[in-house]
Amino acid sequence: MKKILLLLTLSAWIGVTGTVQQINTGITINGITWSIKNSGASKPEDYGSYYTWSEALRACPQGWRLPSKYELELLLNEWNGYDQINGISGVFFGGDSNKIFLPFAGYKYNNMLCDDDDSGYYWSSDEFERYNEAAYCIEFYGEDGGTSYRTKENRFSVRCVKI
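Residues numbered from 1 in each chain as written. Predicted model: local features only at pLDDT ≥ 70, side-chain atom pairs only at ≥ 80, totals over all residues. Heavy atoms only, no water.

**Student:** Can you lay out the state of the cysteines for me, pointing to particular residues and giving the numbers?
**Tutor:** For the coordinates displayed, the defined rule picks out one disulfide. Disulfide partner of Cys 60: Cys 160, at an S-S distance of 2.2 Å. One quick way to see it: the torsion about the S-S bond of Cys 60 and Cys 160 is about -95 degrees, and its sign makes the bridge left-handed. Of this pair, Cys 60 sits in the loop between α2 (53-56) and β3 (64-65) while Cys 160 sits in the loop between β11 (144-151) and β12 (161-162), and the two are 100 residues apart along the sequence. Cys 160 gets classed as buried once you look at its relative accessible area, which sits at 4%. (Disulfide = S-S within 2.5 Å. Helix = DSSP H or I, 4+ residues; strand = E, 2+ residues; numbered from the N terminus. Buried < 20%, exposed > 50% of the residue type's maximum accessible area, 1.4 Å probe, protein only.)

Listed below in structure tokens is the structure:
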């Protein structure tokens, strides 16, 4: 009986690649279910991977997608304050039991990590209407943040939403 229970428990943690991963059921804020961690991260405070905009469009696992500009704006309205998890700085969004942590993962430029522990940049699925080489994102630093647009070649973080 103990062996069967152990196998069932382990199978819930083993992903397609055969590595142990945390199951991501997400946190729902304003009717949108957000991933509990960045794409490519193993836990909520990890930076995860960095993506150009075209890569970001394919960065979410099956059943998840890149959030729209509007969904990111709704998330910004749920700003719950700057804080740290295990020494990693970032911002909490949402209320008491339904909140997520977005780390100050910075961004990558020419494969160099910039502004980590100072700011966060997260892609949206929406292109900037007036300049097709740019797309919308949210960016935040300290106690301030908002939507912006940046060239698609920047490498930013991705936080997926459930389809």
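**Student:** Break down the sheet that holds strand β9 (residues 119-127) for me, with residues and values.
**Tutor:** Strands sit in the order β9-β10-β11 across an open sheet of three strands; the sheet is antiparallel. In the strand order of this sheet, the two ends are held by β9 and β11, each with one partner. Adjacent strand axes in the sheet meet at a mean angle of 30 degrees, parallel and antiparallel pairs treated alike. Across eight bridges, the pairing between strand β10 (residues 134-141) and β11 is antiparallel. In the strand pairing of β11, Ala 134 is matched with Thr 151. Of the strands in this sheet, β9, β10 and β11 are in contact with helix α3 (residues 69-76), which crosses β9 at around 145 degrees. (Pairing = 2+ DSSP bridges. Axes fitted to C-alpha atoms, helices over the stretch in contact; angles between N-to-C directions. Contact = heavy atoms within 4.5 Å.)

**Student:** Any details on the pairing of β10? Residues and values, ideally.
**Tutor:** Of all eight residues making up β10, seven are buried, and the element is well covered by its neighbours. Alignment of β9 against β10, held across six bridges, turns out to be antiparallel. By the bridge assignment, Gly 120 is partnered in β10 with Phe 140. The antiparallel hairpin formed by β9 and β10 contains six residues in its connecting segment. Turn length for the β10-β11 hairpin, with the two strands adjacent in sequence and antiparallel, is two residues, and the turn residue Gly 142 shows positive phi of about 55 degrees.

**Student:** Hey, could you go over the sheet that holds strand β5 (residues 88-94) for me, with residue numbers and the actual values?
**Tutor:** Pairing in this open sheet of three strands is antiparallel, and the strands run β4-β5-β6 from one edge to the other. Only two strands of the sheet have a single partner each, and these edge strands are β4 (79-85) and β6 (99-103). Strand-to-strand twist in this sheet, taken as the mean axis angle between neighbours without regard to direction, amounts to 30 degrees.

**Student:** How would you sum up the confidence of the model for the protein? Please name residues and give values.
**Tutor:** Predicted confidence across the protein gives a mean pLDDT of 87, with 86% of residues reaching 70 or more. The model gives residues 1-22 a pLDDT under 50, and that stretch makes twelve contacts with residues more than four places away or in other chains. (pLDDT = per-residue confidence, 0-100.)

**Student:** Which residues make up the environment of Tyr 107, and what values do they have?
**Tutor:** Mapped onto the elements, Tyr 107 comes out in strand β7 (residues 107-109). Once the C-alpha coordinates of Tyr 107 and Ser 49 are considered, the two residues, 58 residues apart in sequence, prove to be 9.8 Å apart.

**Student:** Which residues make up the nonpolar core, and what values do they have?
**Tutor:** Ranked by size, the top nonpolar core spans 17 residues in total, and within it Trp 34, Leu 75, Phe 93, Ile 100, Leu 102, Ile 138 and Phe 140 carry the most contacts. Mapped onto this core, the elements with two or more residues apiece are β1 (27-29), β2 (32-34), α3, β5, β6 and β10. The biggest single contributor to this core is α3, with three residues. If we ignore the near neighbours within four places in the chain, the residues touching Ile 100 are Ile 27, Ile 29, Trp 34, Ser 35, Leu 75, Val 91, Phe 92, Phe 93 and Arg 159. Core analysis: the second largest hydrophobic core is formed by 16 residues, Trp 53, Tyr 107, Tyr 121 and Phe 156 among them. (Core = buried A, V, L, I, M, F, W, Y, C linked by side-chain atoms within 4.5 Å.)

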